[in-house]
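Next come the chains, spelled out residue by residue.
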Amino acid sequence: MKKMITVVLVGAGNRADVYASVSLQSPEKMKVVGIVDPDPIRRELMRERYNVPVENCFEDVSEFVKREKFADAVINGTMDHLHVPTSIPVLEKGYDLLLEKPFAVNEAEMERLVEVARKYKNKVVIGHVLRYTDFYRAIKQHVLNGDLGKIISIETCEHVSYHHMAASYVRGKWSSEKICFAPMLLAKSCHDVDILLWMMKETQPTQVVSFGSDFQFGPERKPQGAGTRCMQDCPFVDECIYSAKSNYLAQPRWGQYVWKCLEKNRNLTQEEKAESLRTNNRYGKCVWDFNRDGNVDHQAVMFNFANGATGTFSMIGGCAKPERNIHIVGTLGEIKGTFDDSRYILRKMEPNGSYIGCLETVYDLNVSGDMIGAAGGHGGGDQKLVYDFLDYLSGYEPSVSCATLEDSVISHRAVFKAMESKYNNTIIKI
Ligand SMILES: NC(=O)c1ccc[n+]([C@@H]2O[C@H](COP(=O)([O-])OP(=O)(O)OC[C@H]3O[C@@H](n4cnc5c(N)ncnc54)[C@H](O)[C@@H]3O)[C@@H](O)[C@H]2O)c1
């Protein structure tokens, strides 16, 4: 069995860095040997961090693939619409691939990628990190063990916090399909649709219907008297829940997005940050002044399955607390849990002599479900996915959690069909 996997980062941004950091934790398992990124600042930052030779750094994938293959795999952390165009050349060159989600932004390019990966027989894993968390793995194990019997219904939901909503889907890189080519259901919740369909893997989704809208944002909902930039001319700067001052200056949660435009000056002072928000940083603009081009802030999706089971997923952006819930009801029992609390209840039907009712077992996994908590990003899912990818490349069978490309096609197709349903206001066959 091979011990060390060498990787090239294509798109040396936030996500590639998260995955690449496994090479610092476990240098005997993984080594970053190349970088492809058109941004010289990102390229140099990551080159220094991972000690990559200058001659292995490239501005463009086309330059990179001109070189003889010099690594086992590529980690592709480019933005959503670049996933397919930057992956096809590396697959053709024979690299295996860890590719961020959503791996494609429409059905046509999804099919193209699948065709190329089939032709060149590459191992391709998609960044569905939630599958690797202790919470979802444990629930999946109950499903596999048959603890619930046959699943009748599955309900899941994702609450996107108001500050995450603003940083990513209103002011941020995923605000509009015109910018990122992915509607919010795809960009944010392809993870959740993947989890739902992964739990239902014994059957297939056959129909979908979906509704959603933008309920809270857009210039027409801007509070009267609000300014154009929070820290420049807005009287509500100290009370608005979306104030750039409280969201970005007072605490660092979304810094990786907000200070990208100032990346060249390392170690920014608070005054430099404040000046940027007051003047030309898009995160300093009033949250209601963005044109989201019809992107939703909440969306509901309902699935029908081949065996008669049903499923629902609800994504709600702008909530007080980020939270993912799941409720699976089967013929022998049910599971209800909250990912962010890392806690679920298993209820089993229990006709026992004179007693009829249910037996409840509470599973407290004692892992921070916090997306950036002590367990690591996404409740520890980020790191576990990388270790699993390395094992897969070393010749081990794909784990239960492993989302291969073929596997991920199921949830991506379901999301594309859900969007078709929303746009056409009709039930769509999957
Ligand atoms: N799995 C998850 O839970 C999760 C979480 C957040 C984001 N994501 C996904 O990860 C991806 C990356 O997000 P991010 O926040 O890290 O983005 P980012 O902007 O930090 O990184 C993208 C990098 O790609 C580089 N780039 C641009 N064009 C390129 C090209 N032609 N070739 C190579 N590199 C190029 C950019 O310069 C940048 O450094 C997105 O698709 C996003 O949806 C996944």
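Residues numbered from 1 in each chain as written. Predicted model: local features only at pLDDT ≥ 70, side-chain atom pairs only at ≥ 80, totals over all residues.

1. Quick look at the domain arrangement of the chain
We note that the domain assignment places domain 1 (5-122), domain 2 (131-217 + 295-375 + 403-429) and domain 3 (219-289) within the chain. On a C-alpha basis, the centroid separation for the pair domain 1 and domain 3 is 32 Å. (Domains from an automatic or database assignment.)

2. Concerning the sheet that holds strand β6 (residues 124-126)
Paired through backbone hydrogen bonds, the strands of a sheet run either parallel or antiparallel to each other. Strand order in this open sheet of six strands is β3-β2-β1-β4-β5-β6, and the pairing throughout is parallel. The open sheet terminates on both sides in strands that have one partner only, identified here as β3 (57-58) and β6. (Pairing = 2+ DSSP bridges. Helix = DSSP H or I, 4+ residues; strand = E, 2+ residues; numbered from the N terminus.)

3. Re the site of the ligand
Among the 24 residues in the neighbourhood of the ligand, the closest are listed as Gly 11, Gly 13, Asn 14, Arg 15 and Asp 39. When the residues that make up the shell around the ligand are grouped by side-chain class, the tally is nine nonpolar, eight polar and seven charged. (Near = placed C-beta within 6 Å. Nonpolar A, V, L, I, M, F, W, Y, C, P; charged D, E, K, R; others polar.)

4. Some points on unusual backbone geometry
With glycine set apart, most residues show a phi of negative sign, and most peptide bonds adopt trans. Of note, the amide linkage connecting Lys 101 to Pro 102 takes the cis form, showing an omega dihedral of -15°. Residue placement: Pro 102 occurs in the loop between β5 (96-99) and α6 (107-120).

5. So, the packing of α6 against helix α17 (residues 405-424)
α17 packs onto α6 with a crossing angle of 170° between their chain directions and a minimal axis gap of 11 Å. Our classification of the angle between α6 and α17 gives roughly antiparallel. Mapping the contact onto sequence places Glu 107, Met 110, Val 114 and Ala 117 in α6 and Leu 405, Val 409, His 412, Arg 413 and Phe 416 in α17. When its residues are assigned to classes, the contact of α6 with α17 shows six nonpolar, one polar and two charged. (Axes fitted to C-alpha atoms, helices over the stretch in contact; angles between N-to-C directions. Parallel < 35°, antiparallel > 145°, perpendicular 65-115°, else oblique. Contact = placed C-beta atoms within 7 Å.)

6. Some words on the nonpolar core
Of all hydrophobic cores here, the largest spans 117 residues; its most connected members are Val 7 and Leu 9. Here this core takes seven residues from helix α11 (residues 190-199), the largest share from any one element. (Core = buried A, V, L, I, M, F, W, Y, C linked by C-beta atoms within 7 Å. Buried ≥ 20, exposed ≤ 12 C-beta atoms within 10 Å, placed from the backbone.)

7. As for helix α8 (residues 162-170)
Think of an α-helix as 3.6 residues a turn; residues three or four steps apart then line up on the same face. Across the nine residues that make up α8, a large majority, eight, are buried. Of all the residues in α8, the buried ones are Tyr 162, His 164, Met 165, Ala 166, Ala 167, Ser 168, Tyr 169 and Val 170. Lining the buried residues of α8 we find β7 (151-161), α10 (184-187), α13 (244-249), α14 (255-258) and β10 (310-319).

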